[in-house]
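As a plain string of letters, each chain reads:
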Amino acid sequence: MINKLLLPIMGALSLFALPAIAQDTPTSKPNAIAPYKTAIGYRASVGGPTGIQHELRIKRFVKPEAALELQVGRWGHRESYQASLHYLWQPQLLTSSRLRPYAGVGIGAVGTTRGWYYEKQPLKVGAILLASVGVEYAFQKIPLAVSLDYRHAVLGVNTDSYSFRGFSYMNTLGLGLKYTIGK
């Protein structure tokens, strides 16, 4: 008796479940447009015991869902400086055209003029490979965008002076504000 009822119930459930499985829900909009063309801004970040770090940013969308971003700044750790260029993938979500997550990779250079005990030294330069992930919101009525991101140093060459007990001073959590230009 149970076997006779079980087969039709399973068949009916599979017929109802088949359309739900067959539909592939896209995560980004097919005809996406960039929220702006270019942005100039500021990023304040924290990483390690160095306090707040300041950076200038210039971002340019090269495709509707891809951008290049140049970041230049001075770090609080031993009079250090950094410059990096990032390629960011920033999809337009189906639910919002102004709120966009992003992920990317970047290459850069870091330099310091201080040693371990803050003694003056010639500029020591190192190369870094960075990964970043974040979210950005572009306002509709005013030409501003706000972002929150995490940047992680994946690989560093000649950057041993930036580590602190297994933690890198180059790993930062930042809050950014950008002035947007163009549509």
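Calculation notes
Residues numbered from 1 in each chain as written. Predicted model: local features only at pLDDT ≥ 70, side-chain atom pairs only at ≥ 80, totals over all residues. Heavy atoms only, no water. Helix = DSSP H or I, 4+ residues; strand = E, 2+ residues; numbered from the N terminus. Buried < 20%, exposed > 50% of the residue type's maximum accessible area, 1.4 Å probe, protein only. Contact = heavy atoms within 4.5 Å. Areas by Shrake-Rupley, 256 points an atom, 1.4 Å probe, with all protein chains shown as cover. Phe/Tyr/Trp six-rings, centres within 6.5 Å; stacked < 30°, edge-to-face > 60°. Lys NZ or Arg CZ within 6 Å of the ring centre and 35° of its normal. Polar contact = N/O pair within 3.5 Å; in protein donor to acceptor, adjacent residues only side chain to side chain. 1 Å grid on protein atoms, 1.4 Å probe; cavity = no way out; pocket = protein on both sides within 12 Å on 5 of 7 lines; lining within 4 Å. Points joined across faces, edges and corners; volume = space filled by probe spheres on them. Nonpolar A, V, L, I, M, F, W, Y, C, P; charged D, E, K, R; others polar. Salt bridge = Lys/Arg side-chain N within 4 Å of Asp/Glu carboxyl O.

### Remarks on the overall build of the protein chain
Helix and strand counts for the protein chain come out as 1 helix and 10 strands. Of the regular secondary structure in the protein chain, the N- to C-terminal order runs α-β-β-β-β-β-β-β-β-β-β. When the 183 residues of the protein chain are sorted by exposure, 37% land in the buried category. Sequence separation of at least 24 residues holds for 57% of the intrachain contacts in the protein chain that already meet a minimum separation of 6. Split by element, the accessible area of the protein chain, about 11,100 Å² in all, is 71% carbon and sulfur.

### Quick look at the packing of aromatic side chains
Tallied over the entire structure, the rule returns 2 aromatic pairs. Looking at Lys 59, its charged tip hangs above the ring of Tyr 102, at a distance of 5.2 Å from the centre.

### A short note on the side chain of Ser 147
Along the chain, the position of Ser 147 falls in strand S7 (residues 144-157). Of note is the side chain of Ser 147, whose polar atom sits 3.5 Å from the side chain of Lys 178.

### Looking at the layout of surface pockets
As a volume, the largest pocket reaches approximately 280 Å³. Lining of the largest pocket is provided by 17 residues; of these, Pro 35, Tyr 36, Ala 138, Phe 139 and Lys 183 occupy positions nearest its centre. Residue composition of the lining of the largest pocket, grouped by class: 9 nonpolar, 5 polar and 3 charged.

### Describing the environment of Ala 67
Structurally, Ala 67 can be placed in strand S3 (residues 66-75). C-alpha of Ala 67 to C-alpha of Ala 34: the two residues are 33 residues apart in sequence and 9.2 Å apart in space. Setting aside residues up to four positions removed in sequence, Ala 67 forms contacts with Lys 59, Arg 60, Phe 61, Val 62, His 86, Tyr 87 and Leu 88.

### Details of the pattern of salt bridges
According to the stated counting rule, one finds 7 salt bridges in the structure shown. With its nearest N and O atoms 3.4 Å apart, the salt bridge here joins Arg 43 to Glu 55. With Arg 43 in strand S1 (residues 38-46) and Glu 55 in strand S2 (residues 52-63), this residue pair connects regions lying 12 residues apart in the sequence. Glu 55 carries the same exposure label as Arg 43, and that label is buried. In this structure, the salt-bridge partner of Arg 151 is Glu 55, at a minimum N-O distance of 2.4 Å. Of this pair, Arg 151 sits in strand S7 while Glu 55 sits in strand S2, and the two are 96 residues apart along the sequence. Taken individually, Arg 151 and Glu 55 each receive the classification buried, so the pair is uniform in this respect.

### Re empty space enclosed by the protein
The final tally for this structure, using the stated rule, is 1 cavity of 30 Å³ or more. By volume, the largest cavity is sized at about 40 Å³. Every residue lining the largest cavity is listed: Arg 43, Arg 57, Glu 69, Gln 71, His 86, Leu 88, Tyr 102, Ser 132, Asp 149 and Arg 151. Secondary structure elements with two or more residues in the lining of the largest cavity: S3, strand S4 (80-89) and S7.

### A word on the environment of Ala 66
Here Ala 66 shows up in strand S3. In this structure the C-alpha to C-alpha distance between Ala 66 and Pro 91, which are 25 residues apart in sequence, comes to 7.7 Å. Excluding anything up to four places from it in sequence, Ala 66 contacts Phe 61, Tyr 87 and Leu 88.

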